[in-house]
Amino acid sequence: MRGKKIVLGISGGIAAYKSAELARLLIKEGATVQVVMTAAAERFVAPLTFSTLTGRPVYRSLFTEPVQSSTVHIDLAREPDLILVAPATANLMGKAATGIADDLLSTVLLAVRLDECPVIFAPAMNTAMFQNPAVRDNLAQLRKRGFIIADPLSGELACGEVGEGRMAEPEQLLTLIKRTLAISDDYAGESVLVTAGPTRESLDPVRFFSNHSSGRMGYALALAARNRGAKVILVSGPTALNPPAGIEFYPVTTAREMYDIVLESFPAVDVVIKTAAVADFRPELAAEQKIKKKDELQLRLVRNPDILEELGARKNKQFLVGFAAETTDLLNYARAKMEQKNLDLMVANDVTQPGAGFNTETNIVQLLYRGGGVEALPLMSKDELSHQILDRIKEARRKIGGRE
Ligand code: PMT
């Protein structure tokens with residue numbers, strides 16, 4: 001972390017005391033930490049605690065000391081390598097999601113350019129507040145815009161209730177900061193191919209067959225692998241997402257286009273992660289003109305190539321990861337696909353569970369390993385899950401000697 005500039009934003013919650021430990025850890029790692037506190041945060045921990053730990057005066061308002069220029073909010077948004085808001089209250093995230101800037105911290109968050117400076121929110125609040133639809137919507141909006149959310153933990157809360165809402169621990173936040181700044185670099189020198197999104201199979205010039213994949217899972221994996229130093233190739237069906245900077249990006253529409261790019265890239269890559277929801281079938285013939293209304297329409301569908309199965313047949317050094325989206329008998333179907341496609345790891349999601357699968361910010365998966373092991377992971381953001389999957393891939397490759 002030496003040389004890295006971190007702005008640590010603190011909003012008003014009891015978890016603010018944990019941010020003192022986080023500031024200490026960051027300083028110990030060599031980072032420069034500039035603390036910005038909201039007025040409510042000062043009710044929980046004195047600014048003196050942070051100025052003593054960081055060796056720098058704490059910024060507390062747009063207008064009072066140590067402000068030295070009228071553009072302090074711009075300077076605080078431009079200078080850091082990363083901004084972490086911990087704890088992030090429902091109020092602060094609501095302001096960030098809706099563009100309200102009525103104090104220094106919320107103004108800095110409005111002035112930040114996310115492509116230059118990542119921003120992490122570490123929410124901390126009562127479970128009912130965290131589960132409130134207004135808060136969920138704000139979180140979803142923030143994620144969609146590229147803010148990173150450090151999922152809160154479950155456990156005993158300051159109010160005495162038990163549930164989701166405890167701020168992530170300082171050590172976990174430190175790891176997330178390092179990953180986000182690509183300081184871990186544990187994938188440096190590796191080439192990772194990710195597929196994402198749906199494919200579209202045309203029926204006529206205005207209609208197509210597709211599915212509900214938003215691409216989020218695959219884009220999160222591509223970003224996480226890039227942040228950990230990998231050379232990333234992302235092959236994506238049509239989505240509404242912006243591809244992360246600094247990767248090779250190939251937009252495709254159909255399964256056959258995806259097949260061509262993936263097969264061409266395959267010999268040179270070390271890891272393939274196929275999150276794409278590829279259409280298994282396509283209309284045998286796409287009509288040249290719009291099909292007109294009639295009482296009945298008979299369609300003949302033909303099989304698309306199975307890209308992953310083909311990779312499984314060709315693989316030599318590559319580590320192959322598949323995804324299985326199932327609505328019933330999850331483990332049996334996922335295991336059968338894993339064997340049929342000769343995979344090293346299968347990520348199985350039961351898409352009937354709330355918060356799992358298609359078009360969600362989060363996922364709930366079970367990991368199936370070669371040799372029969374199964375690991376169930378709890379609900380988490382697709383960002384966090386991506387890192388967990390990359391951790392497991394690294395560990396499995398180490399065990400099978402794939403990297404040595
Ligand atoms: O994009 P999101 O909205 O974030 O949603 C994520 C997701 C639900 C799409 C993702 O988590 C997921 O489960 N992806 C796999 C979807 C699926 O149903 O796969 P499948 O069971 O049809 O195929 C199994 C594996 O074979 C997949 O890795 C798939 O990419 C691959 N496959 C499938 C068919 C085909 N013709 N070629 C393939 O390569």
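Quick caveat: nothing in here was measured; it's all calculated off a predicted structure. (Residues numbered from 1 in each chain as written. Predicted model: local features only at pLDDT ≥ 70, side-chain atom pairs only at ≥ 80, totals over all residues. Heavy atoms only, no water.)

1. Quick look at the domain arrangement of the protein
Phase 1: For the protein, the assigned domains are domain 1 (5-180) and domain 2 (191-399).
Phase 2: Computed from C-alpha atoms alone, the centre-to-centre distance between domain 1 and domain 2 is 34 Å.
Phase 3: Contacts between the two partners involve seven residues from domain 1, matched on the other side by nine residues from domain 2.
Phase 4: A per-residue breakdown of the area domain 1 buries against domain 2 is headed by Arg143, Asp151 and Arg179, which together make up 62% of the total.
Phase 5: For the pair domain 1 and domain 2, the interface holds one salt bridge.
Phase 6: Arginine 179 is the salt-bridge partner of aspartate 391, the closest N and O atoms lying 2.8 Å from each other.
Phase 7: Between domain 1 and domain 2 we count two residue pairs in polar contact (both at pLDDT 80 or more) in total.
Phase 8: Of all the secondary-structure elements, those providing two or more residues to the side of domain 1 that touches domain 2 are α8 (133-144) and α9 (170-180).
Phase 9: Of the residues forming the side of domain 1 that touches domain 2, the biggest block, three residues, is contributed by α8.
Phase 10: When the residues that make up the side of domain 1 that touches domain 2 are grouped by side-chain class, the tally is two nonpolar, one polar and four charged. (Domains from an automatic or database assignment. Contact = heavy atoms within 4.5 Å. Buried area = accessible area lost by both parts, 1.4 Å probe. Salt bridge = Lys/Arg side-chain N within 4 Å of Asp/Glu carboxyl O. Polar contact = N/O pair within 3.5 Å; in protein donor to acceptor, adjacent residues only side chain to side chain. Helix = DSSP H or I, 4+ residues; strand = E, 2+ residues; numbered from the N terminus. Nonpolar A, V, L, I, M, F, W, Y, C, P; charged D, E, K, R; others polar.)

2. Notes on the site of the ligand
Phase 1: What surrounds the ligand is a group of 27 residues, the closest being Ser213, Ser214, Lys274, Lys337 and Asn359.
Phase 2: One nitrogen or oxygen atom from the main chain of alanine 276 is found 2.7 Å from an oxygen atom belonging to the ligand.
Phase 3: In this structure, proline 305 approaches the ligand through a main-chain N or O atom, which is 3.0 Å from a nitrogen atom.
Phase 4: Protein burial of the ligand: of its 780 Å² of free accessible surface, 96% is covered by the chains.
Phase 5: Examining the composition of the shell around the ligand, we find that four residues originate from one element, strand β16 (residues 319-326), more than from any other. (Near = heavy atom within 4 Å. Areas by Shrake-Rupley, 256 points an atom, 1.4 Å probe, with all protein chains shown as cover.)

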